[in-house]
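# Results of the structural survey
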Amino acid sequence: MSRSRNLQLHIGQMEEIRTILNSMKNLAYIETHKLARFQIMQGQAVANIEQTAMDFLDHYPLPAVDDNTTDISILMGAERGFCGDFNESLINTVAAEAYSGIIAIGSRLCDRLVDYPLEIIASIEGANVAEEVPVVLNRLIDAISSLPVYGGDINRATHVAPALQLTAVYHDNETGQIIRRQILPPFPRQQQRRLRYGNPPVLNLEPSYFFSDLIDHYLFAVLHEIFYMSLMAENQRRLQHLEGAVKHLDDETVNLRRKSQIYRQEEITEEIEVILLNSEIS
């Protein structure tokens, strides 16, 4: 087979790959727009709950926390590929810190963690799209609730002198940085603010029951927000990665077409020379 023909076949294969990668890029782009709406709404919900909790804790402070806490990291990785060093940077972050254990989320991340000497408590498949976040979140809650320090009661563990510290480690889509966000014990910024109201809030429940229910709502809301932020960062990284790959394929295709034309011209010249040579012999 001629060199120009080989190049044409190779160009056809590259164009097929380019079509697939471009479709994946478009899907990532669509997902980022959808996640942007979800993230805004979820961020507002979390902010409202945090403000309510701060006003409550101004007058009903949390009990003292045991110093001998178990520090667990929730590592928010990628479920799919084509996102560069998304997972490796997360692993390097937690590897440099002394966590008692890690709950890993994302199949690609879990595969990478096999090569690292880290204490993996649970490995959970991540979400491919925003609609899968609630399912993954339920699995995460089950994994947290099964920890021995909880004793099977998430409310008791969070409200009465929690012996567990949960820190979510994830990519922030706005800053591009890796964030360490403490979610248990909740509301760590309470010590850094001033009293807003002189009188305590009027409650229809006992303070302990109110705060217990508030923690439930907070965990549900803040974990949703973190999932959306991580998934947004993952899709932004994938979009950037695929745009680079598509551009590289386009550039390579242009070069191969130019080379194919040169080869074809050479082959035509050779064919003409053969024809002329045969005519002279005859």
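Everything numeric here is computed off the predicted structure, so don't read it as measured data.

### Observations regarding the packing of aromatic side chains
- Enumeration over the complete set of coordinates arrives at six aromatic pairs.
- Aromatic pair F187 and Y218: ring centres 4.6 Å apart, planes at 50°, arrangement tilted. One end of the pair, F187, is in the loop between β5 (178-184) and α6 (207-281); the other, Y218, is in helix α6, with 31 residues separating them in the sequence. This pair shows no difference in class: F187 is buried, exactly as Y218 is.
- Joined through ring pairs, the aromatic side chains of F56, Y60, F187, F210, F211 and Y218 make up one cluster.

### A short note on the pairing of strand β3 (residues 120-124)
- Examined bridge by bridge, strand β2 (residues 101-105) and β3 share four bridges and lie parallel to one another. Note that in β3 the partner of A104 across the bridge is S123.
- With helix α3 (residues 107-113) bridging β2 and its parallel neighbour β3, the resulting β-α-β unit is right-handed.

### Thoughts on the nonpolar core
- Judged by nonpolar contacts, the single largest core of 44 residues is most densely connected at I74, I105, L140, L166, F187 and F227.
- Of all elements in the fold, only α1 (3-57), β1 (70-76), β2, β3, α4 (133-145), β4 (164-171), β5 and α6 reach the threshold of two or more residues within this core.
- When neighbours within four sequence positions are excluded, F227 is seen to be in contact with M76, I105, V133, V136, L137 and L140.

### Quick word on α4
- The end-to-end C-alpha distance of α4, which contains 13 residues, comes to 18 Å, matching closely the 18 Å that a straight helix rising 1.5 Å per residue would cover.
- Those residues of α4 that sit buried are V133, V136, L137, L140, A143 and I144. The buried residues of α4 occupy an angular sector of 115° when projected down its axis, which confines them to one face.

### Brief notes about a nonpolar patch on the surface
- Side chains of L27, Y29 and I30 sit close together on the surface and give an oily, nonpolar patch of about 340 Å² of accessible area.
- Position of Y29 among the secondary structure elements: in helix α1.

### Let's talk about the sheet that holds β2
- Within the open sheet, the five strands sit side by side as β3-β2-β1-β4-β5. Their pairing is mixed. A strand with exactly one partner marks an edge of an open sheet, and here the two such strands are β3 and β5. Averaged over all adjacent pairs, the angle separating strand axes in this sheet is 20°, with direction ignored.
- Taken strand by strand, α4 contacts β1, β2, β3 and β4, and its axis lies near 160° from that of β3.

### Let's talk about the side chain of E31
- In this structure, E31 sits in helix α1.
- If we ignore the near neighbours within four places in the chain, the residues touching E31 are V129, A130, L231 and N235.

### Observations concerning the pattern of salt bridges
- Overall, the coordinates contain ten salt bridges when judged by the stated rule.
- Close ionic contact of K34 with E131 constitutes a salt bridge, the shortest N to O distance being 3.1 Å. Here the residue K34 occupies a position in helix α1, and E131 occupies one in the loop between β3 and α4, the gap between them amounting to 97 residues.
- Ionic pairing is found between E225 and R181, a salt bridge with its closest N-O pair at 2.9 Å. Within this pair, whereas E225 is found in helix α6, its partner R181 is found in strand β5, the two being separated by 44 residues in sequence. Residue E225 shares its accessibility class with R181, and that shared class is buried.
- Residues joined in a network through salt bridges with shared partners are E31, K34 and E131.

### Details of the environment of S260
- When you line up the elements, S260 lands in helix α6.
- It is 7.1 Å that separates the C-alpha atoms of S260 and Q8, two residues lying 252 residues apart in sequence.

Thresholds applied
Residues numbered from 1 in each chain as written. Predicted model: local features only at pLDDT ≥ 70, side-chain atom pairs only at ≥ 80, totals over all residues. Heavy atoms only, no water. Phe/Tyr/Trp six-rings, centres within 6.5 Å; stacked < 30°, edge-to-face > 60°. Helix = DSSP H or I, 4+ residues; strand = E, 2+ residues; numbered from the N terminus. Buried < 20%, exposed > 50% of the residue type's maximum accessible area, 1.4 Å probe, protein only. Pairing = 2+ DSSP bridges. Right-handed = clockwise from strand over helix to strand, strands pointing away. Core = buried A, V, L, I, M, F, W, Y, C linked by side-chain atoms within 4.5 Å. Contact = heavy atoms within 4.5 Å. Expected span 1.5 Å × (residues − 1). Arc of directions from axis to C-beta. Patch = residues over 30% accessible without salt bridge, like charges linked within 9 Å, V, L, I, M, F, W, Y side chains within 5 Å. Areas by Shrake-Rupley, 256 points an atom, 1.4 Å probe, with all protein chains shown as cover. Salt bridge = Lys/Arg side-chain N within 4 Å of Asp/Glu carboxyl O. Axes fitted to C-alpha atoms, helices over the stretch in contact; angles between N-to-C directions.

Purely geometric stuff here, so don't read any function into it on its own.
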